[in-house]
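Coordinate analysis (summary)
Each chain, written out:
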Amino acid sequence: MLNRSRIMKQIAEIHKDDRTLDLVNTLDLSRTVWTAALYMRSLLIEAGCTRRSPHCLFVDCIFLISKKINRFDITQRCLYHTTKEVWGMGTNPFPSKWYNEYKDIVKKVLDTLV
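Let me sum up the structure you'll find in this document. (Residues numbered from 1 in each chain as written. Predicted model: local features only at pLDDT ≥ 70, side-chain atom pairs only at ≥ 80, totals over all residues. Heavy atoms only, no water.)

Let's talk about the side chain of T91
Summarising the element assignment, T91 is placed in the loop between helix 5 (76-87) and helix 6 (99-111). With sequence-adjacent residues up to four places away left out, T91 is seen in contact with R52, C56, V59, L79, Y80 and T83. (Helix = DSSP H or I, 4+ residues; strand = E, 2+ residues; numbered from the N terminus. Contact = heavy atoms within 4.5 Å.)

Here it is in structure tokens:
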């Protein structure tokens, strides 16, 4: 149990500031992608998507958007290693945990990128 407590404290420390732009810059993505991911995340949170923390949800949004803009080099493995490098703790994208329930929101945001 002590290990879980340490991990939870580490997560809180890492995410106390919004470091999403750091992640986007490291991945060499545009500010438009960053804005779209933040917008998608805020819509998902407003709609009640609570299966992932806000930072994990942002990683999911980056993953979905990167596929839409043909950045196939941004894989699950890439995101895990990049979040570990930037935030000190790796995060895997898992949009499948919530996608089916909120796919209309995802489509709405992805359609703005065309």
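Back to the text.
Focus on the nonpolar core
Within the largest apolar cluster, 30 residues are counted, with the highest numbers of intra-cluster contacts made by M40, L44, I62 and W98. Elements with a contribution of two residues or more to this core: helix 2 (20-26), helix 3 (31-46), helix 4 (54-68), helix 5 and helix 6. If one sorts the elements of this core by residue count, helix 4 sits on top with 8 residues. Among residues more than four places away in sequence, those in contact with L44 are C49, L57, C61, W98, Y102 and I105. (Core = buried A, V, L, I, M, F, W, Y, C linked by side-chain atoms within 4.5 Å. Buried < 20%, exposed > 50% of the residue type's maximum accessible area, 1.4 Å probe, protein only.)

Description of the packing of helix 4 against helix 5
Where helix 4 contacts helix 5, the axes come no closer than 11 Å and their chain directions differ by 135°. As the angle between them shows, helix 4 and helix 5 are arranged oblique. Crossing of helix 4 over helix 5 shows right-handed handedness. Contact residues: H55, V59, I62 and F63 in helix 4; Q76, L79, T83 and W87 in helix 5. Here the contact of helix 4 with helix 5 is built from residues that sort into 5 nonpolar, 3 polar and no charged. (Axes fitted to C-alpha atoms, helices over the stretch in contact; angles between N-to-C directions. Parallel < 35°, antiparallel > 145°, perpendicular 65-115°, else oblique. Left-handed = near helix turned anticlockwise from the far one by under 90°. Nonpolar A, V, L, I, M, F, W, Y, C, P; charged D, E, K, R; others polar.)

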